[in-house]
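Observations on chain architecture
Single-letter residue listing:
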Amino acid sequence: MSTTLQNDLFMRAALSQQTERPPVWFMRQAGRFMPEYWEIKNKYTFLEMCKTPEIAADVTMLPVNLLGIDAAILFSDILVTAEAMGGALSFEQGVGPRFANPVRTYDDAQKLAGAECVDKLQYVANAIREIQQRLNGSIPLIGFAGAPFTILSYLVEGGSTRDFKRTKLMLNNEPALAHLILQKIADLTIAYLNMQIEAGVNAVQLFDSWASALSWNDYTEFSHKYNKYILDNLNRTVPVISFAKGASVFAPLMIETKPDVISVDWNADLLNLKKTLPEGIAVQGNLDPFIMYADKPVIKAKIHELFERMRGEKGFICNLGHGISPDMPFDHVKFAIDTIKEFRY
Ligand SMILES: Cc1c2[nH]c(c1CCC(=O)O)Cc1[nH]c(c(CCC(=O)O)c1C)Cc1[nH]c(c(CCC(=O)O)c1C)Cc1[nH]c(c(C)c1CCC(=O)O)C2
């Protein structure tokens, strides 16, 4: 598929090939930091936006047209899998995601649907086809899903959490129950990502946003095991990016899942981390998102600092260590993208 793209910088970097400059896209590049996002968001709920292919495509295209990034990411959310399984999901303004029926007992877990509920996510395949028509071969489209541990945490807590108290209680006191739920999520995630690949995405990213909450042993047992199971069962016709907040610690385990790209948080020295990876695994990252609040000369200096460090490395995609926040100034984000695109090795 990459050969037909007008701009294939992202695909080449994802496959650890040489590029003239690092390709760039930002996690949460379509969102509330954009006034144009609000024009759409004021008319619909977040889930309506995700479930209506035309609207999802409109939002996906915002950063393509307004920021000029090198890869688009499907507009959706990692929690749609949990909703398809039976989670009563809503997004409340200023609160974030909420599940009205948290999953805390065997009874709750048994009620969750497994891989068969992938049919309920057909709207995502429809959105992918709509977006690909609009992109018309200009840049690649990235699909994604949440990793089982991160999804488990939302189902168990009933929403976002600071300390993962209930989730960790389950891992510690009732590991078999956690495994039952994780297995269901993992089976659905395989079917869901394969559906996205079939519908035409050019790459997929697995988001294990909250892996950093876990100890090494718990990450191995409750996260890594399922991420490996997912990557082993994907239709590997497109590059797979593995994102973990915590990748700078867990990279030695992430390697075992054989991703094409590891997306790294901003704690790591990216070059040092890359040197620990086998040949053929690219890195994505790892600017501290908070530099977007800083003055423009500082933003530029931080980007150049990272790029000079990575000079000569094949397989480097520029991104943030985590997503853009709603109050980051749009013109600073745009300035960062322009600065990155002007750079040449
Ligand atoms: C943990 C997580 C979620 N969702 C996601 C993650 C993993 C990445 C990460 O670690 O940040 C992933 C995600 N969420 C969204 C995308 C779309 C593509 C993109 O632009 O990156 C992607 C890839 C849109 C979104 N997902 C959400 C919004 C905001 C919804 C709104 O407009 O109110 C968007 C644009 C809502 C959401 N969704 C989630 C939370 C915690 C929240 C509320 C808090 C917040 O708003 O940041 C769960």
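A quick note: this is a predicted structure, and the numbers were derived from the prediction, not measured. (Residues numbered from 1 in each chain as written. Predicted model: local features only at pLDDT ≥ 70, side-chain atom pairs only at ≥ 80, totals over all residues. Heavy atoms only, no water.)

Given 3.6 residues per turn, any residue in an α-helix points the same way as the ones three and four places further on. A rise of 1.5 Å per residue sets the reference length of helix 10 (residues 175-199), with its 25 residues, at 36 Å; its end C-alpha atoms lie 36 Å apart and thus fit the reference within 8%. Counting buried residues along helix 10, 18 of its 25 residues qualify, which places the element largely inside the surrounding structure. Looking one or two residues past helix 10, Gly200 carries a phi angle of roughly 120 degrees, positive in sign. (Helix = DSSP H or I, 4+ residues; strand = E, 2+ residues; numbered from the N terminus. Expected span 1.5 Å × (residues − 1). Buried < 20%, exposed > 50% of the residue type's maximum accessible area, 1.4 Å probe, protein only.)

What follows deals with the packing of helix 4 (residues 53-66) against helix 7 (residues 122-135). It is the contact of helix 4 with helix 7, at a shortest axis distance of 8 Å, that shows an interaxial angle of 45 degrees. Relative to helix 7, helix 4 is oriented oblique. Where helix 4 crosses over helix 7, the two elements pack in a sense that is right-handed. The residues of helix 7 that touch helix 4, namely those facing Pro53, Glu54, Ala56, Ala57, Asp58, Thr60, Met61 and Val64, are Tyr123, Asn126, Ala127, Glu130, Ile131, Arg134 and Leu135. Considered class by class, the residues forming the contact of helix 4 with helix 7 number nine nonpolar, two polar and four charged. (Axes fitted to C-alpha atoms, helices over the stretch in contact; angles between N-to-C directions. Parallel < 35°, antiparallel > 145°, perpendicular 65-115°, else oblique. Left-handed = near helix turned anticlockwise from the far one by under 90°. Contact = heavy atoms within 4.5 Å. Nonpolar A, V, L, I, M, F, W, Y, C, P; charged D, E, K, R; others polar.)

It is a probe the size of a water molecule, rolled over the atoms, that shows where empty space is left. Counting across every chain of the model gives one cavity of 30 Å³ or more. There is about 40 Å³ of room inside the largest cavity. Here the lining of the largest cavity is built from residues that sort into three nonpolar, four polar and two charged. (1 Å grid on protein atoms, 1.4 Å probe; cavity = no way out; pocket = protein on both sides within 12 Å on 5 of 7 lines; lining within 4 Å. Points joined across faces, edges and corners; volume = space filled by probe spheres on them.)

The next thing to look at is the site of the ligand. By nearness alone, 24 residues border the ligand, and Arg28, Arg32, Tyr37, Ser209 and His322 come closest of all. One of the side-chain nitrogen or oxygen atoms of Arg32 is found 2.3 Å away from an oxygen atom of the ligand. Cavity membership is defined here by more than half of the atoms lying within 2 Å of grid points; on that basis the ligand lies in the largest pocket. Elements represented by at least two residues in the shell around the ligand include exactly helix 2 (35-41) and strand 3 (96-99). In terms of residue class, the shell around the ligand is built from 14 nonpolar, six polar and four charged. (Near = heavy atom within 4 Å. Polar contact = N/O pair within 3.5 Å; in protein donor to acceptor, adjacent residues only side chain to side chain. Sits in = over half its atoms within 2 Å of the grid points.)

What follows concerns the sheet that holds strand 8 (residues 282-287). With parallel pairing, the seven strands of this open sheet are ordered in space as 1-4-5-6-7-8-9. At either margin of the open sheet sits one strand with a lone partner, and together these are strand 1 (72-73) and strand 9 (316-320). Pairing geometry for strand 6 (residues 240-244) and strand 7 (residues 261-263), over three bridges, is parallel. By the bridge assignment for strand 7, Phe243 is matched with Ser263. (Pairing = 2+ DSSP bridges.)

What follows deals with the environment of Gln18. One can find Gln18 in the loop between helix 1 (9-14) and helix 2. The exposure class assigned to Gln18 is partly exposed, which follows from its relative accessible area of 42%. With 298 residues separating them along the chain, Gln18 and Phe316 place their C-alpha atoms 9.0 Å apart. With residues up to four places along the chain from it excluded, the contact list for Gln18 reads Arg12 and Lys314.

In this structure, the largest pocket spans a volume of roughly 1300 Å³. As for the largest pocket, its lining consists of 44 residues, of which Arg28, Arg32, Asp77, Tyr154 and Ile324 are closest to the centre. Those elements that place two or more of their residues in the lining of the largest pocket are helix 2, strand 2 (89-92), strand 3 and helix 8 (148-157). For the lining of the largest pocket, the per-class residue count stands at 24 nonpolar, 15 polar and five charged. In this structure, the second largest pocket spans a volume of roughly 220 Å³. Lining the second largest pocket are 14 residues, with Asn286, Leu287, Lys302, Glu305 and Leu306 positioned closest to its centre. Looking at the lining of the second largest pocket, the elements that each hand over two or more residues are helix 13 (270-275), strand 8 and helix 14 (296-309). The element contributing the most residues to the lining of the second largest pocket is helix 14, with four residues.

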